[in-house]
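# Chain and residue survey
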Amino acid sequence: MKYFIGNWKMFGIPKSINILNKINSFYTKDKNRSKYKVVFTPPYTLIQSYSRYFKKKKINIGSQNCYQKDKFSSNTAAVSPYMLRTVGAKYTLVGHSDNRSEGDNDTILKNKVELALRNKLKVVFCIGENKIQKRNKKTLSVLKRQLTKVLDKKFNKNNIIVAYEPIWSIGTGKIPKLNELNKTVLHIKKILKKIFRKKSPPLLYGGSVDGKNAGIFKEIKEIDGFLIGGASKSSKKFIDIIKNYYR
Ligand code: 13P
């Protein structure tokens, strides 16, 4: 099963549901639809209404983040995994580089993953190196640390997806060279197999994925889908990614 996950970041108002409606219509008619799932993570403000609307349709709704406490707490503006679940979220991203740069460290992230899983959310755990780490050839060791500090063998691997998003690639139009990406992806899967006893959770790629480059990634069989930012704000661009991937 492949995944096409659209991360809207700080984008979207109630009527933006039209974008998802068009994608849902495409999906329901697509001859390849049994091969992939579509998930969208709109901002918190839209999760409840979108989840209700898409309840019996094909698009799954998730959250872009969650707070590291289980149910209720006195943290202003925080939203817990429990609260997200009750408004219909099925997934949550954890560890997006935007949130790591705002202070989410390994300890916090581990709490988030654990609590999200406990509240029956599927976790899309994001990892990735920055430009300096890449330049200093630290990519593989950075990724290893990010994975082993947070993912625990006691977590249910069936509810975890890992997304590799090199920070230097997010929103820049730059993507990794295919041979480098292949090496990185194999490295990540090897670590995941070690943590989870042989079976690795699905591994997505994210960073400047668009309709033009989607086909290139087909060559790397170990990539199980994509986490898509900018191009997920347009139904046409998002659909183009799926079409070109299966062409
Ligand atoms: P872009 O697709 O805009 O590069 O964003 C990737 C991303 O951060 C998705 O979470």
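Preceding this paragraph is the structure being described.
Below is a summary of the structure that appears in this document. (Residues numbered from 1 in each chain as written. Predicted model: local features only at pLDDT ≥ 70, side-chain atom pairs only at ≥ 80, totals over all residues. Heavy atoms only, no water.)

### Quick look at a positive patch on the surface
Together, Arg52, Lys55, Lys56, Arg85, Lys90 and Lys120 make up a region of like positive charge exposed at the surface. Position of Arg52 among the secondary structure elements: in helix 2 (residues 44–53). With relative accessibility at 61%, the residue Arg52 sits in the exposed group. (Patch = residues over 30% accessible without salt bridge, like charges linked within 9 Å, V, L, I, M, F, W, Y side chains within 5 Å. Areas by Shrake-Rupley, 256 points an atom, 1.4 Å probe, with all protein chains shown as cover. Salt bridge = Lys/Arg side-chain N within 4 Å of Asp/Glu carboxyl O. Lys, Arg positive; Asp, Glu negative; His and termini not counted. Charge placed at Lys NZ, Arg CZ, Asp CG, Glu CD. Helix = DSSP H or I, 4+ residues; strand = E, 2+ residues; numbered from the N terminus. Buried < 20%, exposed > 50% of the residue type's maximum accessible area, 1.4 Å probe, protein only.)

### Brief notes about the packing of helix 7 (residues 139–150) against helix 8 (residues 178–195)
Between helix 7 and helix 8, the least distance of the axes is 10 Å, while the angle of their chain directions is 30°. What the angle tells us is that helix 7 and helix 8 run roughly parallel. By crossing handedness, the relation of helix 7 to helix 8 is classed as right-handed. Listed contacts from helix 8 to Thr139, Leu140, Leu143, Lys144, Leu147 and Thr148 of helix 7 are Lys183, Thr184, His187, Ile188, Ile191, Leu192 and Ile195. For the contact of helix 7 with helix 8, the residue count by class is seven nonpolar, four polar and two charged. (Axes fitted to C-alpha atoms, helices over the stretch in contact; angles between N-to-C directions. Parallel < 35°, antiparallel > 145°, perpendicular 65-115°, else oblique. Left-handed = near helix turned anticlockwise from the far one by under 90°. Contact = heavy atoms within 4.5 Å. Nonpolar A, V, L, I, M, F, W, Y, C, P; charged D, E, K, R; others polar.)

### Concerning the site of the ligand
In the vicinity of the ligand, the contacting residues are Asn7, Lys9, His96, Glu165, Ser169, Ile170, Gly171, Gly207, Ser208, Leu227, Gly229 and Gly230. Between the ligand and Glu165, the relevant distance is 3.1 Å, taken from an oxygen atom to a side-chain nitrogen or oxygen of the residue. Taking Gly171, its main chain carries an N or O atom lying 2.7 Å from an oxygen atom of the ligand. In isolation the ligand offers 300 Å² of accessible surface; the protein chains occlude 94% of this area. Of the residues belonging to the shell around the ligand, the class tally is two nonpolar, eight polar and two charged. (Near = heavy atom within 4 Å. Polar contact = N/O pair within 3.5 Å; in protein donor to acceptor, adjacent residues only side chain to side chain.)

### Concerning the nonpolar core
Formed by 61 residues in total, the largest nonpolar core has its most connected members in Phe4, Phe125, Leu147 and Leu151. Here Leu151 is in contact with Phe125, Ile160, Val162, Leu192, Ile195 and Phe196, once residues within four sequence places are set aside. Grouped together as the second largest cluster of nonpolar side chains are 11 residues, Leu93, Cys126, Ile161 and Leu227 included. (Core = buried A, V, L, I, M, F, W, Y, C linked by side-chain atoms within 4.5 Å.)

### Section: the pairing of strand 3 (residues 60–63)
Each regular strand displays side chains that alternate between the two surfaces of the sheet. Sheet analysis places strand 2 (residues 36–41) next to strand 3, joined by two bridges and oriented parallel. Bridge pairing links Phe40 to Ile61 in strand 3. (Pairing = 2+ DSSP bridges.)

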